[in-house]
Amino acid sequence: MARQFGHTWWGRAWVHALENRALLDPNRLPRGRTYARHDRVSTLHLAPGEITAFVRGNRPGRYRVLVRVRTYDDGEWERVITAIAGRAGHAAALLEGELDPGVVSDAEDVGVELLPGPGDLQPRCSCPDWADPCKHAAAVCYLVADVLDEDPFALFTVRGRRREELLSELRTRRRVDARPAAEVDEHEDDPFVVPVDEGQVAREVWRSAGSMAPVGGAAPALDTARGGLDAERHGSAAGAGSDAKEHAAATTDVAVARHQVRRAVPIRPGAPAPWPTDPPEQAPFTAEGLHGLATDAAARAWAQLRGEGRAGLDLDAEADLARRAAAVLGQTPPFTALARASATPPVDLARSAIAWQHGGRPALRILSADPWRPPVTTMAAARSAVVDSLPSSTRVHVSSNRITAGPLQLRLDPAGRWWRFEKRRGRWEITAPAADHPDDLLSLDT
């Protein structure tokens, strides 16, 4: 299944507005989606009034993309902030990292559009394509949905107000209270005051783990409902006499319980508390390194709760290093620190991180695997596909499981999947996820 853009309602709303309201050239949007799905965009940054990024095209080098976004004037901001501050639920949701749908509709009621409309987006790219947008700019616009999924405040940022500015103005509005100060607790009903979680002692939590109630109380219901279905499926005494209505009820119970479990998942990973003091000099870790590992563990646990990831505890040291490097690729300080701590040349670490982004452990294996000999007919058919898709003057060479055409190379892995490599800085790097057919990888150049 092709990757979709926008997993939150506001991320999807951005994509919908992009495709249906922003009046961009529809002929380039499909190519933009393809570029976005194949990780051609880097250094994506959102700032007041603009979105910038670099996009790798088919020629050497990268194109610079600038998407100007219409910002609000003072009068529009006044109306937006008044609309948000007037509803405590909207303000509280924003602080928790969520955007209440009512915020968008309330802004529309006062004549302000949060999502892009006609003329709000003005894409520009350093490539020679005259389209508006070109495929490079379209890819950047689609990936904005990923940023919005993580931080809905980015929607306000591109309109001209950063998170801190917006929250400061909202706090000012929320402090206005008609009741006497003596009757109001300093932080009562203030959605912008974050309660301090004093935490728990680890050994006490461990001792009580056996008697702790599952998250949200949903697990017992899920187990009970699933048990009823299992009993019916195996013809046990409990389930053998159940009729269709009982089966439907049990199925409903499972669905409800699963929904309760999903609702119990936090909207973002927890933030580990920093190490309170420097560790002893003889300790084999630093406070910064320990905090980084705890943050990584929290993110993986959160992804598992959402059903979007695996623990990764079965990874060897090389694979785990590539995974961690992929998470900070493009972030110079943490990437450099990881390369230094692992005693890995940055260029080698980046090559592994890019491979991990495109395909995890299978990509790492094909990256370092020795050549092997697939069936001759398989390679002959693949070579024909390559020849048919490239200019007639292109020289195509086949060696073992590799087909090379200039700076492009396709490699077949033992599982029958093809991988696209491109030569950069004198080294072959994976540049796309695996595909079942060479044509799927060659089409990236058309």
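A brief look at the structure comes next. (Residues numbered from 1 in each chain as written. Predicted model: local features only at pLDDT ≥ 70, side-chain atom pairs only at ≥ 80, totals over all residues. Heavy atoms only, no water.)

### Quick notes on the overall build of the chain
Part 1: Of the regular secondary structure elements, the chain holds 18 helices and nine strands.
Part 2: Sequence-distant contacts, at least 24 apart, represent 59% of the contacts inside the chain between residues at least 6 apart.
Part 3: Total accessible area computed for the chain in this model is approximately 25,600 Å², and 53% of it derives from carbon and sulfur atoms. (Helix = DSSP H or I, 4+ residues; strand = E, 2+ residues; numbered from the N terminus. Contact = heavy atoms within 4.5 Å. Areas by Shrake-Rupley, 256 points an atom, 1.4 Å probe, with all protein chains shown as cover.)

### Structural notes on the packing of aromatic side chains
Part 1: Counting across every chain of the model gives four aromatic pairs.
Part 2: Seen from their ring centres, W9 and W10 are 6.1 Å apart, and the 85° between their planes marks the pair as edge-to-face.
Part 3: Taking the ring centre of F54 as reference, the NZ or CZ of R62 above it sits at 4.4 Å.
Part 4: The positively charged end of R411 is found above the aromatic ring belonging to F421, 3.9 Å away from the centroid. (Phe/Tyr/Trp six-rings, centres within 6.5 Å; stacked < 30°, edge-to-face > 60°. Lys NZ or Arg CZ within 6 Å of the ring centre and 35° of its normal.)

### Brief notes about the packing of helix α14 (residues 317-327) against helix α16 (residues 346-368)
Part 1: Viewed as axis vectors pointing N to C, α14 and α16 meet at an angle of 115°, and their least axial separation amounts to 8 Å. In this view, α14 runs roughly perpendicular relative to α16, as classed from their interaxial angle. In the crossing of α14 with α16, the sense of the turn from one axis to the other is left-handed. Residues A319, L321, A322, R323, A325 and A326 of α14 touch α16, and the partners they reach there are L349, S352, A353, W356, Q357, R361 and L364.
Part 2: For the contact of α14 with α16, the residue count by class is nine nonpolar, two polar and two charged. (Axes fitted to C-alpha atoms, helices over the stretch in contact; angles between N-to-C directions. Parallel < 35°, antiparallel > 145°, perpendicular 65-115°, else oblique. Left-handed = near helix turned anticlockwise from the far one by under 90°. Nonpolar A, V, L, I, M, F, W, Y, C, P; charged D, E, K, R; others polar.)

### Re the sheet that holds strand β8 (residues 418-424)
Part 1: In spatial order, the strands read β5-β6-β7-β8-β9; together these five strands make up an open sheet with antiparallel pairing. Looking at the sheet topology across the chains shown, the edges are occupied by β5 (397-399) and β9 (427-430). With direction set aside, neighbouring strand axes in the sheet form an average angle of 25°.
Part 2: Where β8 and β9 come together, four bridges link them in antiparallel fashion. Counterpart to R424 in the pairing with β9 is R427.
Part 3: Along the sheet, α16 contacts β7 (408-412), β8 and β9; its crossing angle with β9, the most-contacted strand, is approximately 50°.
Part 4: This element, helix α17 (residues 376-389), spans β5, β6 (402-405), β7 and β8 of the sheet and lies at about 20° to β6. (Pairing = 2+ DSSP bridges.)

### Topic: the sheet that holds strand β3 (residues 62-69)
Part 1: The strand order β1-β2-β3-β4 describes an open sheet built from four strands, whose pairing is antiparallel. Each end of this open sheet is capped by a strand with a single partner; those strands are β1 (41-47) and β4 (121-125). Within the sheet, the average angular offset between the axes of one strand and its neighbour, ignoring direction, is 15°.
Part 2: In the sheet, β3 pairs with β4 via five bridges, with the strands oriented antiparallel. Among the inter-strand pairings, V69 is bridged to a residue of β4, identified as L121.

### Description of the side chain of N401
Part 1: Among the secondary structure elements, N401 is positioned in the loop between β5 and β6.
Part 2: The class of N401 is buried, set by a relative accessible area of 2%.
Part 3: Among the polar contacts listed, one links the side chain of N401 to the backbone oxygen of L412, at a separation of 2.9 Å.
Part 4: Excluding residues that lie within four positions of it along the chain, N401 makes contacts with I366, P371, W372, P374, M379, L410, R411, L412 and W418. (Buried < 20%, exposed > 50% of the residue type's maximum accessible area, 1.4 Å probe, protein only. Polar contact = N/O pair within 3.5 Å; in protein donor to acceptor, adjacent residues only side chain to side chain.)

### Focus on the environment of T172
Part 1: Tracing the backbone shows T172 in helix α8 (residues 163-174).
Part 2: On the accessibility criterion, T172 (45% relative accessible area) is partly exposed.
Part 3: Residues T172 and A85 lie 87 residues apart in sequence; the distance between their C-alpha atoms is 9.3 Å.

### Description of the environment of V387
Part 1: Locating V387 in the fold gives a position in helix α17.
Part 2: Separated by 18 residues in the primary sequence, V387 and A405 have C-alpha atoms spaced 8.9 Å apart.

### Considering the nonpolar core
Part 1: If you look at the biggest cluster of nonpolar residues, it comprises 55 residues, and the most contacted ones within it are W14, I51, L114, L121 and F156.
Part 2: If one sorts the elements of this core by residue count, helix α6 (residues 135-150) sits on top with 10 residues.
Part 3: One finds A322, L367, F421 and W428 within the second-largest nonpolar core, a separate group that totals 23 residues. (Core = buried A, V, L, I, M, F, W, Y, C linked by side-chain atoms within 4.5 Å.)

### A few points about the pairing of β7
Part 1: Along β7, five of the five residues are buried, which leaves the element largely enclosed by surrounding structure.
Part 2: Where β6 and β7 come together, four bridges link them in antiparallel fashion. Bridge pairing links R402 to R411 in β7.
Part 3: Between the antiparallel neighbours β6 and β7 lie two residues, among them G406 with a positive phi of about 65°.
Part 4: Here five bridges tie β7 to β8, and the two strands are oriented antiparallel to one another. Of the residues in β8, the one forming a bridge with Q409 is F421.

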